[in-house]
Amino acid sequence: MVRLSVHELSFIFGLLGNIVSFIVFLAPVPTFYKIYKRKSSEGFQAIPYLVALFSAGLLLYYAYLKKNAYLIVSINGFGCVIELAYISLFLFYAPRKSQIFTGWLMLLVTGSLGMMMLFSYLFAKGSERVMIVGWICAVINVAVFAAPLSIMRQVIITKSVEFMPLTLSLFLTLSATMWFFYGFFKKDFYIALPNVLGFLFGVVQMLLYFFYKGSDKLDLEETAKTKGVEVCIKIEGDSDKALHSMEKAFPESK
């Protein structure tokens, strides 16, 4: 039986983390294709992509300070590029008001990263600098992982999983798992610890999905019953009357 070294294990999990995170970074592509087709970004928010850009930029700086953290550099370098592409496309198709608001937020993100780099160089040295930036990365990553709490709350209230796709929850959970083990074997607990929370939130999201996934259909059947319409309609006789009864039962579908 082949026994892998700690270095080999950290490389394997880091490589797997890169692959899964690459898929997660590409998850919004259908959303931006929809924006491109509609030629409008109304109804969408740029904030999640700005937060992702800030997180990727901060981790890129942390990897630079750590030295030889190539697997962190590769995925977060890609993350910065793809998030900038998303934000640029959003700005191109956004209304004037959203463009101004997003522009100010973009300045805040880049300004915060710049100030953080400047102060860490001025007021810390060596391992102390790595520790400070590492803790900031850990806190930001905890905030990023906690972001789905609002969606989970919406699922519980509405009993609908429409805005919490299972595939994305699964890949986020896998990503958190891979990066936890990478940090664990590297003894980099600034990477490992936040991903424990990411794994737990991911598991809860999937449990909620399986618990509520049939609720939409049940709600439709209940609505039909309360309005005096059977879900399975056997049309007999005059089809116009059947259509009229459906329109009366579901006026909002017009």
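Residues numbered from 1 in each chain as written. Predicted model: local features only at pLDDT ≥ 70, side-chain atom pairs only at ≥ 80, totals over all residues. Heavy atoms only, no water.

Going by an unreviewed UniProt entry, the chain carries the name Bidirectional sugar transporter SWEET and comes from Anisodus tanguticus. According to the UniProt record, the Function (unreviewed entry) comment for the chain is "Mediates both low-affinity uptake and efflux of sugar across the membrane." Taken directly from UniProt, the Sequence similarities (unreviewed entry) text for the chain runs: "Belongs to the SWEET sugar transporter family." (UniProt positions renumbered as here; feature names shortened; annotations may be inferred.)

Here we look at the nonpolar core
Most often, soluble globular proteins keep nonpolar side chains buried together rather than apart. Formed by 40 residues in total, the largest nonpolar core has its most connected members in Tyr62, Ile72, Tyr182 and Ile191. Only helix H1 (6-26), helix H2 (29-38), helix H3 (47-66), helix H4 (70-93), helix H5 (96-123), helix H6 (126-146), helix H8 (166-186) and helix H9 (189-212) provide two or more residues apiece to this core. For this core, the leading source of residues is H3, giving 11 residues. Setting aside chain neighbours within four positions, we find Tyr62 in contact with Val130, Val133, Gly134, Cys137, Asp188, Tyr190 and Ile191. Residues Phe145, Val155, Met164 and Leu208 belong to the second largest nonpolar core, which totals 8 residues. (Core = buried A, V, L, I, M, F, W, Y, C linked by side-chain atoms within 4.5 Å. Buried < 20%, exposed > 50% of the residue type's maximum accessible area, 1.4 Å probe, protein only. Helix = DSSP H or I, 4+ residues; strand = E, 2+ residues; numbered from the N terminus. Contact = heavy atoms within 4.5 Å.)

What to know about unusual backbone geometry
One non-glycine residue with positive phi stands out, namely Lys67, at about 70°. Along the chain, Lys67 turns up in the loop between H3 and H4. Accessibility expressed as a relative area gives 53% for Lys67, which makes it exposed. The phi dihedral of Asn68 is positive, around 60°, even though this residue is not glycine. For Asn68, the location among the structural elements is in the loop between H3 and H4. For Asn68, a relative accessible area of 58% puts it in the exposed group.

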